[in-house]
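# Coordinate analysis (summary)
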Amino acid sequence: WDTSRPWNLLMQQSLMARFAWSDPASGGATYWTDAWDGYAPSRARLLGSAAQKKLQGLVVLGGDVHSHYVSDLKADYDDLRAPVVASEFCGSSITSLALAQSRVDAALPFNPHIRYARSDQRGYMRFELTRHQLRASIEVVDKPLDPASGVTTAARFVVEPGRPGPQAA
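Read on for a plain summary of the structure. (Residues numbered from 1 in each chain as written. Predicted model: local features only at pLDDT ≥ 70, side-chain atom pairs only at ≥ 80, totals over all residues. Heavy atoms only, no water.)

## Regarding the overall build of the chain
Scanning the chain from N- to C-terminus turns up two helices and nine strands. In the chain, the succession of α and β elements from N to C terminus is β-α-β-β-β-α-β-β-β-β-β. In summary, the chain has a C-alpha radius of gyration of 16 Å against a globular reference of 15 Å for 169 residues, a match within 12%. Counting only residues that meet the buried cut, the chain has 43% of its 169 residues in that class. (Helix = DSSP H or I, 4+ residues; strand = E, 2+ residues; numbered from the N terminus. Rg over C-alpha atoms; globule rule 2.2 N^0.38 Å. Buried < 20%, exposed > 50% of the residue type's maximum accessible area, 1.4 Å probe, protein only.)

## Notes on the packing of aromatic side chains
Counted by the stated rule, this structure contains six aromatic pairs. Ring centres of Phe19 and Tyr69 lie 5.7 Å apart, and the angle between their planes is 70°; this geometry places the pair in the edge-to-face category. Of the two residues, Phe19 is situated in the loop between β1 (8-11) and α1 (40-52) and Tyr69 in strand β3 (residues 68-74); the sequence distance between them amounts to 50 residues. Site record: aromatic cluster; members linked through ring pairs are Phe19, Trp21, Trp32 and Tyr69. (Phe/Tyr/Trp six-rings, centres within 6.5 Å; stacked < 30°, edge-to-face > 60°.)

## As for the layout of surface pockets
A volume near 170 Å³ is recorded for the largest pocket. Along the walls of the largest pocket sit Arg18, Asp23, Pro24, Ala25, Lys74, Tyr77, Asp78, Leu80, Pro109, Phe110, Pro112 and His113, which together make up its complete lining. Looking at the lining of the largest pocket, its residues break down into seven nonpolar, one polar and four charged. (1 Å grid on protein atoms, 1.4 Å probe; cavity = no way out; pocket = protein on both sides within 12 Å on 5 of 7 lines; lining within 4 Å. Points joined across faces, edges and corners; volume = space filled by probe spheres on them. Nonpolar A, V, L, I, M, F, W, Y, C, P; charged D, E, K, R; others polar.)

## Considering the nonpolar core
Core analysis: the largest hydrophobic core is formed by 21 residues, its most contacted members being Leu15, Phe19, Leu47, Leu58, Tyr69 and Leu73. For this core, the elements supplying multiple residues, two or more each, are α1, β2 (58-62), β3, β4 (84-90), α2 (101-107) and β5 (114-118). Not counting chain neighbours up to four residues away, the residues in contact with Leu47 comprise Met16, Leu58, Leu73, Lys74, Ala75 and Val85. Judged by nonpolar contacts, the second largest core, of 14 residues, contains Val59, Leu61, Phe89 and Val140. (Core = buried A, V, L, I, M, F, W, Y, C linked by side-chain atoms within 4.5 Å. Contact = heavy atoms within 4.5 Å.)

## Things to note about the sheet that holds strand β6 (residues 123-129)
Read across the sheet, four strands follow the order β6-β7-β8-β9 without closing on themselves; strand pairing throughout is antiparallel. Strands with a single pairing partner mark the edges of an open sheet, and in this sheet they are β6 and β9 (163-168). Along the sheet, successive strands turn relative to each other by an average axial angle of 25°, direction set aside. Taken together, the seven bridges between β6 and strand β7 (residues 134-141) define a ladder with antiparallel strand orientation. The partner of Gly123 across the bridge, within β7, is Val140. (Pairing = 2+ DSSP bridges. Axes fitted to C-alpha atoms, helices over the stretch in contact; angles between N-to-C directions.)

## A look at α1
For the α-helix, the turn length of 3.6 residues means that residues three or four positions removed from each other point alike. Over its 13 residues, α1 runs 18 Å from end to end, which matches the ideal 18 Å to within 8%, given 1.5 Å per residue. Among all positions in α1, only Arg43, Leu47 and Ala50 are buried. Axial view of α1: buried residues confined to an arc of 50°, hence all on one face. In α1, the exposed positions that point more than 90 degrees away from the buried face belong to Pro41, Arg45 and Gln52. (Expected span 1.5 Å × (residues − 1). Arc of directions from axis to C-beta.)

## What to know about the pattern of salt bridges
What the rule picks out here adds up to six salt bridges. As a salt-bridge pair, Asp120 and Arg118 come within 2.7 Å of each other at their nearest N and O atoms. The class for Arg118 is partly exposed, based on a relative accessible area of 29%. One salt bridge in this structure joins Glu128 and Arg135, with 3.8 Å as the shortest N-O distance. On the accessibility criterion, Glu128 (41% relative accessible area) is partly exposed. Given the relative accessible area of 42%, Arg135 is considered partly exposed. (Salt bridge = Lys/Arg side-chain N within 4 Å of Asp/Glu carboxyl O.)

This is the structure in structure tokens:
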């Protein structure tokens, strides 16, 4: 990590944000352990270290989950007042299908740190990085099984180096 630069980009292969399938306050929550929830202590150490160092511009880029996710990353997801440490963008596949959007929608109330979650969209993310801003757009393939399909922008987000967490643009 470089504390002298405005951006610190971390590329990895899955969703880093916690994804609870049921209410964590119930004491019997279930999590998506194929991603970083299977390594929750490691995630807490990584993000806790970033918070301790006051690392600005930390953006985690992931994929291979067949859904689009845009999230606030925190060192402690059990504390609703815990500060946002980083921004996360996790991209979908171009053609591979995912679970039903209704399942993702049912889980979103247990994941207030997730700002965007779509399992019913195929596509990719585009980024533009300058010294002062990261701009992200979620590009969606209109017809995933058609090689001549059009592509539309489903959502846009902005991240500023001194303000962790993606903001809708």
